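Notes for the structure review
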Amino acid sequence: MRIAHLKLSGFRNYPELYFTPGEGINILHGANAQGKSNVLEAISLLATSRSLRASRESELIYRDSEMAHVTADIDRDMEGEVELQVSVFQGDKKAVRINGSKRARVIELLGEFNAVFFGSIDIPIVTGEPSTRRHYLNIEISQISPKYVYNLGHYKRILEQRNRLLRDLRDRPRPPSETGIDAWNQQLIEYGAPIIEKRMFYIERLAPIANSIHQDLTEGNETLSIRYMPSVNLNELISPAANTEAMVREAPAEGYSSSIPAEAAPTNHDHLGRGDANAANTTQRIAELFESQLNAICMDEARRGTTLLGPQRDDIAFLINGAEVRTYGSQGQQRTAALSLKLAEFQLIEQFVGEPPVILLDDVMSDLDDLRRRRLLEWLHRRCQSFITCTNLRSFPIEILNAASTYRVVAGTVTPDDRTGTIESIEEQDEIEAGEGGASQTLVSTESP
Ligand code: ATP
Ligand code: MG
């Protein structure tokens, strides 16, 4: 899938932008704080309906404007052209239009357009806390499975209520028959087991792809293992190979944080499935294991006043050549592991959806060594539409620059570099960066068409 046109209106530092990107690699270059990442954030909003960086979505609105709109015409091989619009209003309210018609729920956007973002904010997926990894899983799986979103929203509500009851039991102990916990257990399992099943399936599919990409980026010097570390013991369901290196690590007791709405009903576009019968069998077995393990710790839970088992305590382990990346990896290894993960996610979405998503790389070139950078660009070349931000073009090989569309971003404007022929030297590259070539193309302007 490709973005044919992107229109921003009152979004971040863009009062207006009308942008017609190229079909392959698009490089947005410019000084700091000019609006490069903001373009990527706008594209990502169309895929996920959520802001990448803002803690409050009204931060996306240009200065004192009332609202922000991100609109794009998307070309899709499988499902044809579509116009998507996400609007953000003061008070963090959002609205979604698909082909001009307003949808009742923002969640209906999911699955219409897929994009994979990678930037420094993703490094904590590898280096940060388990909650960061769970959040990552939730966002990624949501893109391809609306059912997951539905289950997650319900699970969160049940978990809160169950925790309230457990706190009460801790403060006012009573006999097991009088606790009323069983009803909550059933609901916790009903929504929790399918979440675990999707996470397990997603990571099972993701891990070998990520390893193959990681090996490619490092010319075979490093292997990357990614392991699902569910809090419910699923040893009998996870392949033995996946468990040989698995570490025993208890996830910290913490609240479950998902801002994904519960009212979302499952829709079509559910791409993440192992086949109905198989998924149902696996989910059933997970539910049985979840239930028996919950029963075994019920006294402990009542004593501690919180739910000790379930998706809210899951984790993912990353190992390079057998050593945990979070603890033993160099910065470059941690970055490459996170990048491999994201590129694997790209391939997985491509497999599930049947066409490549758009890829968004935010300022990652300068952090990779020459080999990793070259391998990454080779990987991207001709594979999909991509948007890459950087402060200068020096980190790109000339053959990539000649194949790419390059744009200079200055204070909320995006201007195509004037390049009539191919670039043959570093000096020419520098001229483009300095903007000496001028901008004579009309491909991009800050005005509406
Ligand atoms: P860097 O190279 O440092 O990453 P960048 O070009 O990627 O820079 P962005 O993060 O895209 O920069 O844009 C930052 C600019 O956008 C800053 O000047 C910031 O003040 C401005 N900005 C962010 N949010 C808003 C907003 N809601 N309204 C107006 N301007 C905003
Ligand atoms: Mg930036």
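Residues numbered from 1 in each chain as written. Chains lettered and ligands numbered in written order. Predicted model: local features only at pLDDT ≥ 70, side-chain atom pairs only at ≥ 80, totals over all residues. Heavy atoms only, no water.

1. A closer look at the packing of helix H5 (residues 181–217) against helix H11 (residues 370–380)
Applied cut-off: The angle between two axes is taken between their N-to-C directions and runs from 0 to 180 degrees, where each axis is a line fitted to C-alpha atoms and a helix contributes only its stretch in contact. Starting at the N terminus, helices and strands are each numbered in turn, a helix being any DSSP run of H or I of at least four residues and a strand any DSSP run of E of at least two. Roughly parallel covers angles under 35 degrees, roughly antiparallel covers those over 145, roughly perpendicular covers 65 to 115, and oblique covers all other angles. Two residues form a contact once any of their heavy atoms are found within 4.5 Å. Classes in brief: Ala, Val, Leu, Ile, Met, Phe, Trp, Tyr, Cys and Pro nonpolar; Asp, Glu, Lys and Arg charged; the others, Gly included, polar.
In the contact formed by H5 and H11, the axes pass within 8 Å of each other and the chain directions differ by 125°. In terms of axis orientation, H5 runs oblique to H11. Residue-level contacts link Ile213, Asp216 and Leu217 of H5 to Leu371, Arg372, Arg375, Leu376 and Trp379 of H11. When its residues are assigned to classes, the contact of H5 with H11 shows 5 nonpolar, no polar and 3 charged.

2. Describing the sheet that holds strand E10 (residues 315–320)
For sheets, the rule is that strands pair by backbone hydrogen bonds, running either parallel or antiparallel. Worth spelling out the cut-off: Two strands make a pair as long as DSSP finds a minimum of two bridges between them.
Strand order in the open sheet made by the 3 strands is E9-E10-E11, with antiparallel pairing throughout. Of all strands in the sheet, those with a lone pairing partner are strand E9 (224–229) and strand E11 (323–324), marking the two edges. Where E9 meets E10, 6 bridges bridge the pair, whose relative direction is antiparallel. Counted as the bridge partner of Leu224 is Ile320 from E10. Running over the sheet, H5 touches E9 and E10 and is turned about 170° from E9.

3. Some words on H11
Heads up, the condition is: Note on exposure labels: buried denotes an accessible area under 20% of the residue type's maximum, exposed denotes more than 50%, and partly exposed covers the range between, all computed with a 1.4 Å probe on protein chains only.
When H11 is considered as a whole, its buried residues turn out to be Arg372, Arg373, Arg375, Leu376, Leu377, Trp379 and Leu380. Taken together, the buried residues of H11 touch strand E3 (25–29), H5, helix H10 (331–353), strand E12 (358–362), strand E13 (386–390) and helix H12 (398–403). Looking at the residues trailing H11, positive phi occurs at Arg382, about 65°.

4. Section: the site of ligand 1
Convention followed: When at least one non-hydrogen atom of a residue lies within 4 Å of a molecule or strand, that residue is treated as near it. Polar contacts here mean pairs of N or O atoms no more than 3.5 Å apart (in protein, one a potential hydrogen donor and the other a potential acceptor; neighbouring residues in sequence count only if both atoms are side-chain atoms). Only the protein chains shown count as cover for residues, and the accessible areas themselves come from Shrake-Rupley with a 1.4 Å probe.
Surrounding ligand 1, one finds 15 residues, the nearest of these being Ala33, Lys36, Ser37, Asn38 and Ile61. Here an oxygen atom of ligand 1 and a side-chain polar atom of Lys36 are 2.8 Å apart. One nitrogen or oxygen atom from the side chain of Ser37 is found 2.8 Å from an oxygen atom belonging to ligand 1. Protein burial of ligand 1: of its 660 Å² of free accessible surface, 71% is covered by the chains. Its residues assigned to classes, the shell around ligand 1 shows 4 nonpolar, 6 polar and 5 charged.

5. A closer look at the pattern of salt bridges
Put simply, the test is: We count a salt bridge whenever a side-chain nitrogen from Lys or Arg sits within 4 Å of a carboxyl oxygen from Asp or Glu.
The final tally for this structure, using the stated rule, is 28 salt bridges. Residues Arg285 and Glu288 are paired through a salt bridge, measuring 2.6 Å at the closest nitrogen-oxygen approach. Of this pair, Arg285 and Glu288 both sit in helix H7 (residues 276–296), separated by 3 residues, roughly a single helical turn. The class of Glu288 is partly exposed, set by a relative accessible area of 34%. Through salt bridges with shared partners, a single network forms among Asp216, Glu219, Arg374, Arg375 and Glu378.

6. Side note on helix H13 (residues 426–434)
Residues that lie three or four places apart on an α-helix share one face, since the helix turns once every 3.6 residues. In plain terms, the rule: Here the arc refers to the directions that run from the helix axis out to each C-beta atom.
For H13, the full list of buried residues reads Gln429, Ile432 and Glu433. An end-on view of H13 places all buried positions within 100° of arc, on one side of the element. Opposite the buried face of H13, at more than 90 degrees from it, the exposed residues are Glu427 and Ala434. Buried residues along H13 sit in contact with E3, H12 and strand E14 (405–410). Count one or two residues on from H13 and you reach Gly435, which has phi positive near 80°.

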